[in-house]
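Below, each chain spelled out in residue letters.
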Amino acid sequence: MSHSTDNIRNIAIAGHGQTGKTTLFEHLLFTGGVIQRAETLESGKTTSDSTQEEIERKISIHAAMGHVERNGVKVNIFDTPGSSDFTGDVILCFRAAELALLTVDGKSGVQIETVKLWRNLDGRGKPRGVFITKLDNDQTDFTRTLADIKEKFKVEPVAITLPMGSGGGFKGVIDVLHEKAYLAQNDAVEKESPIPDELKNAVASAREKLIEAAAEGDDSLMEKYIENGSLSPEEMKTGLVKALAENKYVPAFAGSPLKNSGIIPLIDFITDVAPNPKSAKDMMIDSEGKETQIPIDPDKPVSALVIRTTYDQFSGKLSWLKVVTGKLAADSEAINVSENKKERIGKLYTCQGKKLEEVKELFAGDVGIITKSATLKTNDTLAAADSGLTFVPLRLPEPVHSVAVNAVAKKDDDKLGEFLVRAAEEDKTFRYHFNGETKETVISGMGELQINIILDKIKTNQKIEIETHVPKVAYRETITKKANAEYTHKKQTGGHGQYGKVLLEISPLARGENYQFVNAIFGGAIPKNYIPGVEKGVVEGMAHGTMAQYPVVDVEVKIVDGKYHPVDSSELSFKLAARNAFRDAMKQANPTLLEPIMTLTVFVEEKYLGDVMSDLSSKRGKILGQDSAGGIAEIRAEVPQAELLRYSIDLRSITSGTGSFIVAFSHYAPISGRIADDVIKARAEFKVQEADE
Ligand SMILES: Nc1nc2c(ncn2[C@@H]2O[C@H](COP(=O)(O)OP(=O)(O)O)[C@@H](O)[C@H]2O)c(=O)[nH]1
Ligand SMILES: [Mg+2]
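Residues numbered from 1 in each chain as written. Chains lettered and ligands numbered in written order. Predicted model: local features only at pLDDT ≥ 70, side-chain atom pairs only at ≥ 80, totals over all residues. Heavy atoms only, no water.

Enquirer: Break down the overall build of the protein chain for me, citing the residues and quoting the values.
Expert: Along its length, the protein chain carries 16 helices and 37 strands. On the principal axes, the C-alpha backbone points of the protein chain span a range of 110 × 60 × 55 Å. Per-residue burial over the protein chain gives 54% buried out of 693 residues. When contacts within the protein chain are restricted to residue pairs at least 6 apart in sequence, long-range pairs at least 24 apart make up 71% of them. Split by element, the accessible area of the protein chain, about 30400 Å² in all, is 49% carbon and sulfur. Of the side-chain charges in the protein chain, 86 are positive and 100 negative, and the distance between the mean point of each set is 4 Å. (Helix = DSSP H or I, 4+ residues; strand = E, 2+ residues; numbered from the N terminus. Buried < 20%, exposed > 50% of the residue type's maximum accessible area, 1.4 Å probe, protein only. Contact = heavy atoms within 4.5 Å. Areas by Shrake-Rupley, 256 points an atom, 1.4 Å probe, with all protein chains shown as cover. Lys, Arg positive; Asp, Glu negative; His and termini not counted. Charge placed at Lys NZ, Arg CZ, Asp CG, Glu CD.)

Enquirer: Describe the coordination of the magnesium ion (ligand 2), and please don't skip the residues or the numbers.
Expert: Around the magnesium ion (ligand 2), the protein contributes the donor atoms Thr 22 (OG1) and Ser 60 (OG), which lie 2.0 Å from the metal centre. Linking Thr 22 in helix H1 (residues 21-31) with Ser 60 in the loop between helix H2 (52-57) and strand E2 (64-70), this pair joins segments that are 38 residues apart in sequence. When sorted by exposure, Thr 22 lands in the same class as Ser 60, which is buried. (Donors = N, O, S within 2.8 Å, 3.2 Å for Na, K, Ca; no water.)

Enquirer: Could you give an account of the packing of aromatic side chains, with specific residues and numbers?
Expert: Evaluation of the coordinates by the stated rule reveals eight aromatic pairs. One aromatic cluster in this structure is built from Phe 131, Phe 253 and Phe 269. Of note, Arg 683 hangs over the ring of Tyr 550, and the distance from its end group to the ring centre comes to 3.7 Å. (Phe/Tyr/Trp six-rings, centres within 6.5 Å; stacked < 30°, edge-to-face > 60°. Lys NZ or Arg CZ within 6 Å of the ring centre and 35° of its normal.)

Enquirer: I'd like a description of the packing of helix H6 (residues 200-215) against helix H7 (residues 219-228), backed by residues and values.
Expert: Two numbers describe how H6 lies on H7: the axes approach to 8 Å, and their chain directions differ by 140°. If you check the angle between H6 and H7, you find them oblique. Contacts from Glu 208, Ile 211, Glu 212, Ala 214 and Ala 215 in H6 reach Leu 221, Met 222 and Tyr 225 in H7. In terms of residue class, the contact of H6 with H7 is made up of six nonpolar, no polar and two charged. (Axes fitted to C-alpha atoms, helices over the stretch in contact; angles between N-to-C directions. Parallel < 35°, antiparallel > 145°, perpendicular 65-115°, else oblique. Nonpolar A, V, L, I, M, F, W, Y, C, P; charged D, E, K, R; others polar.)

Enquirer: Hey, could you go over the nonpolar core for me, with residue numbers and the actual values?
Expert: In terms of nonpolar packing, the biggest core is built from 98 residues, with Phe 78, Leu 240 and Tyr 249 touching the most fellow members. The dominant element in this core, judged by the number of residues it contributes, is H6, at seven residues. Residue-level mapping places this core at the junction of two domains, with at least three residues from each of domain 1 (7-207 + 248-279) and domain 2 (281-391). What Phe 78 contacts, discounting residues up to four positions off in sequence, is Asn 10, Ile 11, Ala 12, Ile 13, Phe 25, Ala 64, Met 65, Cys 93, Ala 96, Ala 97, Trp 320 and Val 367. (Core = buried A, V, L, I, M, F, W, Y, C linked by side-chain atoms within 4.5 Å. Domains from an automatic or database assignment.)

Enquirer: A description of the side chain of Glu 556 should follow, citing residues and the corresponding values.
Expert: Its place among the elements puts Glu 556 in strand E33 (residues 555-563). Lys 558 provides the closest opposite charge to the buried, unpaired Glu 556, separated from it by 4.7 Å. If near-sequence neighbours (up to four positions away) are discounted, Glu 556 is found in contact with Glu 505, Ile 506, Ser 507, Leu 509, Gln 516 and Val 518. (Salt bridge = Lys/Arg side-chain N within 4 Å of Asp/Glu carboxyl O.)

Enquirer: With reference to specific residues and values, describe helix H3 (residues 87-96).
Expert: Most of H3 is tucked away, with ten of its ten residues classed as buried. Turning to H3, its buried residues are Thr 87, Gly 88, Asp 89, Val 90, Ile 91, Leu 92, Cys 93, Phe 94, Arg 95 and Ala 96.

Enquirer: I'd love a proper account of the sheet that holds strand E12 (residues 281-285), names of residues and values included.
Expert: What the three strands build is an open sheet, ordered E13-E12-E24; its pairing is antiparallel. Only two strands of the sheet have a single partner each, and these edge strands are strand E13 (291-295) and strand E24 (390-391). Pairing of E12 with E24 involves two bridges; the strand directions are antiparallel. Paired with Met 284 across the two strands is Phe 391, which belongs to E24. (Pairing = 2+ DSSP bridges.)

Enquirer: So, the pattern of salt bridges: which residues are in play, and what are the values?
Expert: Counting across every chain of the model gives 48 salt bridges. Between Lys 472 and Glu 440 there is a salt bridge, with the nearest N and O atoms lying 3.8 Å from each other. Note that Lys 472 is positioned in the loop between strand E28 (466-469) and strand E29 (476-479) and Glu 440 in strand E27 (residues 440-445), a separation of 32 residues in sequence. You can call Glu 440 buried: its relative accessible area is 4%.

Enquirer: Explain the site of ligand 1 to me, and be specific about the residues and the numbers.
Expert: Gln 18, Lys 21, Thr 23, Glu 42 and Asp 136 are the nearest of the 15 residues found near ligand 1. Thr 19 places a polar main-chain atom, nitrogen or oxygen, 3.1 Å from an oxygen atom of ligand 1. A distance of 2.8 Å separates an oxygen atom of ligand 1 from a polar atom in the side chain of Lys 21. In the complex, 90% of the free accessible area of ligand 1, which totals 580 Å², lies under the protein chains. For the shell around ligand 1, the residue count by class is three nonpolar, eight polar and four charged. (Near = heavy atom within 4 Å. Polar contact = N/O pair within 3.5 Å; in protein donor to acceptor, adjacent residues only side chain to side chain.)

Enquirer: Now, about the sheet that holds strand E7 (residues 161-164): what can you tell me, with residues and values included?
Expert: Overall, antiparallel pairing links the four strands, which are arranged E7-E8-E9-E10 in an open sheet. At either end of the open sheet lies a strand with only one pairing partner, and these are E7 and strand E10 (188-193). The average undirected angle you get between the axes of adjacent strands in this sheet is 30°. Pairing of E7 with strand E8 (residues 172-175) involves four bridges; the strand directions are antiparallel. Looking at the pairing, Thr 161 lines up with Asp 175 of E8.

Geometric descriptors of this kind do not, in isolation, establish any biological role.
Structure (structure tokens):
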């Protein structure tokens, strides 16, 4: 069944791993009547964690989508992975949802991934709630967890539900908004019951806070509240809806996903209060290339953004679409604006986990699926006619962990290549490229776990035998002083001879300027038509330096003099002369090796700060700065790439898997001494074969 925009809500469940997201998702579907029984993580049968790799590892790796319906409202729910290796799938769900729900374990409190996700939501100005989970466990405490949230995020969470008891004595929750209590029934849907007398005061004071939050919704409500000291239930609802859409308060829920508790009040709150998609906006690029916000609006021509692409063994290619404007209809036609191609839309689907359900149309605000699309890729814009607008693509973090991989048997090269293309299409944080310089295929992603899962798939599903190794570093060579060299290329072979003489002067350029060629020939010592040959020789000479055959950079090369022969000179003669002259000059110019330096930003819990700092200094790192907020330290440093090739593994062992980092190329810097000697030694077997020799 299709739902109009007013009757759609989108919720992304996110948060640190093992906080009960997938279990909550499962119990939402169970309570919503979608599945007959809620499966446990341990059984490997949950609706959300349905892929082979998820079942094997018992963690969420991919985004999952499902929906429940209550009072005519369709609630799309997204379950996301907790590990930072799979941030890409969290980000696509944040893009699709108007409300994020962050799960926080009632015992552990706010953990590092949740802090990072909170910051990400801050960047989007996205409304969010918190669900305090596992309150059936010993040593959990709802009030203490809310205090932790308040301290870490500088917000005042507003309790929508309150727990009845905790640990072994946990009985259920009270819905403060609707003033109802719900007893946990374990395997059955929770049961409404009277609010226990001893909790009536707590409920009254929580309700007071809720009314205050509602009054923040708009000025007239605030005036009424100040005047009467209260709001009617209708006014309260209006205020809560408005204030939440504007991210003015953080609703907080109590419960135990595993014991099926706190689920009904959560669904009720979502259908009553969570943002109507119409109150949200999406990001477009206008015809002048500027980013602009457009409201989610069913009354405009259709437009939709492809947020995800996956391959299913039964249905083939699946493209997930967030409809932003208008209505997407089955059996219609639209334009893939990004590819400028017509897209025939056949059937449309929604889904419950991996199970597809056909729908006739999808209204603005909804998320659905097109199968077997010929042209759609993640981040493509699908629209009615050329609207002059395209969606801003999903902003994903850059890969931080790389591994070089090759098929053992040459015959598997193509198969491996095809697999990598598809893997990169399915997961936009996964990349691969062939590095012509080091002759390696390098695959990159957000962490070792993500890369290992890909490598496992290559070995087990694709049955390709592969070898992996740490990627090579792309060193460079440069010079540190001016030098010149003369070279005469002369050969007498049978009829025509070869003759060219050049005098080159080379001098260092600033770092990053790469290369400049200057023709300073006067009086026709070398005729103009041979100058391109000279430059070709210089470029070839620079391709392999004299220290360790790495490319030479940041050099100005000036051709100052030369000699030619009216019969024997040719472009080739000058090219060979220039190449050799360049190399001779380089040897005189005090050459040095350069290594890539990366800017590194590390996020760790404060208690690991000292260990991370000392590790960075052992890695020749230069600390640029450091900040701390919400118990998380952020360290910025410059570190040689050679020291960071296995950093995701090192950081994991220092921080028990809680740390993460961002890395980007910064600049090249000289190396000398033992470090340079080792690089040169490791390159000893590298041979350059020049075509014309
Ligand atoms: N005691 C208890 N365990 C829970 C609860 N919710 C989830 N778990 C368990 O915590 C583990 C992680 O749950 P999962 O839903 O996979 O967390 P996710 O990583 O956030 O998706 C599993 O073993 C669940 O059975 C809960 O409310 N109470
Ligand atoms: Mg999960």
